[in-house]
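Structural overview for review
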Amino acid sequence: MIRAVLSLWLACLALPVWAQPISAADRGQTIDEIARLLEARYVDAGKGQRLAAELRREKRQWKDVADGPTLAKALTDWLRRVSGDGHFAVDYSAKPIPAEGGEEAFLDAEIERYYGAQVNHGVQKIERLDGNIMLIDLRVFPPPALGGDVVSAMMTVAAQGDALIIDLRKNGGGMETVDTIIGQLVPEGSLLSGSFDRPSGKTTTHVSPAPPKGRRFGDTKPVYILTSKRTFSAAEALAYDLQALKRATIVGEVTGGGANPFEYRRVHPHFALSLPEKRSVNPITGTNWQDVGIKPDVAVPADQALETALSLAKEALGKTSHGGQGK
């Protein structure tokens, strides 16, 4: 007994001061529950079975990991590498996640962390450029209840422009305020990507919402979306749907390729799994952007995308002005 206590004490001394020690039982329980959920709920049932089997075979590679955050990162890296699905993640919570209502509480904390006022709900910048071209730099899409009014205000300002550039080069995704933007740009009822939910087997269709009251950018003025390899998830949904509707010109790089929305699932009192349980389905293309990303209409390196889009916008506005004069 004394030897066991001494071994544990020495192991703790070897950990960094910020470490969160976990036991072998914690580690095993977490991995086993992840494997179970992969089989039961991952959007691709066959792939979920294969991932679960491989995870169980590989679990000994983490037998010496005795720190919670380190294990979470290692499992995240493994799941993303083996599956190719960037929506997978394992998060460590120093505060225990309750069995009842814990997933909702964890989600609320993550929402505040990623989409809160400290990041201005994703709105990095809105600027009026020469030629009355509006530029929006948007880093995340917040949930409507948290930052919908900020996104709406952003779009109200953008409505005064003669052309609009939406910079998504550093946008990793988010939530339903994608619709707030789309409602400003296309007619009500336009076909958008719906989703297939693997656990329920249901497919949900989706169309653009009713236009907002007040100022609106409208359905016809030029729109350009800037992309990079970092553009992901909901940011890709906006670009993909507007491209499919032929409403926007995509300028930049092929995007990250994440079309499988996820849910948080508690796998241990201190670990939560971001598990892709749905698949986006666009009714126009019949497919989505998973794994392949969105191919830009105008392919340029990400750092040249803004300059290129500005040139395209000025050219388009020049043609419009020229045509309006009847020449």
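Placed above this text is the structure.
The structure reproduced in this document is the subject of the present report.

Parameters at a glance
- Residues numbered from 1 in each chain as written.
- Predicted model: local features only at pLDDT ≥ 70, side-chain atom pairs only at ≥ 80, totals over all residues.
- Heavy atoms only, no water.
- Core = buried A, V, L, I, M, F, W, Y, C linked by side-chain atoms within 4.5 Å.
- Buried < 20%, exposed > 50% of the residue type's maximum accessible area, 1.4 Å probe, protein only.
- Helix = DSSP H or I, 4+ residues; strand = E, 2+ residues; numbered from the N terminus.
- Contact = heavy atoms within 4.5 Å.
- Patch = residues over 30% accessible without salt bridge, like charges linked within 9 Å, V, L, I, M, F, W, Y side chains within 5 Å.
- Areas by Shrake-Rupley, 256 points an atom, 1.4 Å probe, with all protein chains shown as cover.
- Salt bridge = Lys/Arg side-chain N within 4 Å of Asp/Glu carboxyl O.
- Pairing = 2+ DSSP bridges.
- Axes fitted to C-alpha atoms, helices over the stretch in contact; angles between N-to-C directions.
- Right-handed = clockwise from strand over helix to strand, strands pointing away.
- Parallel < 35°, antiparallel > 145°, perpendicular 65-115°, else oblique.
- Left-handed = near helix turned anticlockwise from the far one by under 90°.
- Nonpolar A, V, L, I, M, F, W, Y, C, P; charged D, E, K, R; others polar.

Attention now goes to the nonpolar core. Counting 33 residues, the largest nonpolar core has Phe-141, Leu-164, Ile-181, Leu-185, Ile-225 and Leu-238 as the members making the most contacts within it. If you list the elements that add at least two residues to this core, you get strand S3 (133–138), helix H6 (144–158), strand S4 (163–167), helix H7 (177–182), strand S7 (223–227) and helix H8 (234–244). Counting residues per element, this core draws most heavily on H8, at 7 residues. Once residues within four sequence positions are removed from consideration, Phe-141 is found in contact with Tyr-115, Leu-168, Asn-171, Gly-173, Gly-174, Met-175, Thr-177, Val-178, Ile-181, Ala-234, Ala-235 and Leu-238. Membership of the second largest hydrophobic core comes to 25 residues, among which are Ile-22, Leu-75, Val-267 and Leu-273.

A contiguous nonpolar patch, built from Leu-191, Val-207 and Ile-284 and spanning about 240 Å² of accessible area, is present on the exposed surface. By secondary structure assignment, the location of Ile-284 is in the loop between strand S11 (278–281) and strand S12 (298–299). The class of Ile-284 is partly exposed, set by a relative accessible area of 40%.

What follows is about the sheet that holds strand S9 (residues 262–268). The sheet built from 3 strands is open, its strands ordered S1-S10-S9 with antiparallel pairing. Edge positions in the open sheet fall to strand S1 (89–92) and S9, since each of these has one partner strand only. Between one strand axis and the next, the sheet turns by 25° as a mean value, whatever way the strands run. In this structure, S9 lies alongside strand S10 (residues 271–276), joined through 6 bridges in antiparallel fashion. Each residue of the ladder has a partner; that of Arg-266, found in S10, is Ala-272. On the sheet, helix H2 (residues 24–41) packs against S1, S9 and S10 and is oriented at approximately 145° with respect to S9.

Taken together, 3 strands build an open sheet; the order of strands is S6-S5-S11 and the sheet is antiparallel. Each edge of the sheet is formed by a strand with only one pairing partner; in this case those strands are strand S6 (202–207) and S11. Along the sheet, successive strands turn relative to each other by an average axial angle of 20°, direction set aside. Here strand S5 (residues 191–197) pairs with S6 via 5 bridges, running antiparallel. Each bridged residue has a counterpart across the sheet, and for Leu-192 the counterpart in S6 is His-206.

Most of S7 sits out of view: 5 of its 5 residues are buried. Where burial is concerned, the two faces of S7 agree: the one with Val-223, Ile-225 and Thr-227 and the one with Tyr-224 and Leu-226 are both buried. Taken together, the 4 bridges between S7 and strand S8 (residues 249–252) define a ladder with parallel strand orientation. Looking across to S8, one finds that Thr-227 is bridged to Gly-252. Handedness of the crossover joining S7 and S8 through H8 is recorded here as right-handed.

This next bit is on the packing of H2 against helix H3 (residues 45–58). As a packed pair, H2 and H3 sit with axes 7 Å apart at the nearest point and diverge in direction by 165°. With respect to H3, the element H2 is oriented roughly antiparallel. Between H2 and H3 lies a crossing whose hand is left-handed. From H2, Ile-31, Ile-34, Ala-35, Arg-36, Leu-38 and Glu-39 reach across to H3, where they touch Gly-48, Gln-49, Leu-51, Ala-52, Leu-55 and Arg-56. A class-by-class count of the residues in the contact of H2 with H3 yields 7 nonpolar, 2 polar and 3 charged.

This paragraph deals with the environment of Leu-51. Its place among the elements puts Leu-51 in helix H3. Along the chain, Leu-51 and Val-82 lie 31 residues apart, while their C-alpha atoms are 7.6 Å from each other. If sequence neighbours within four positions are ignored, Leu-51 has contacts with Leu-38, Tyr-42, Trp-78, Val-82, Ser-83 and Phe-88.

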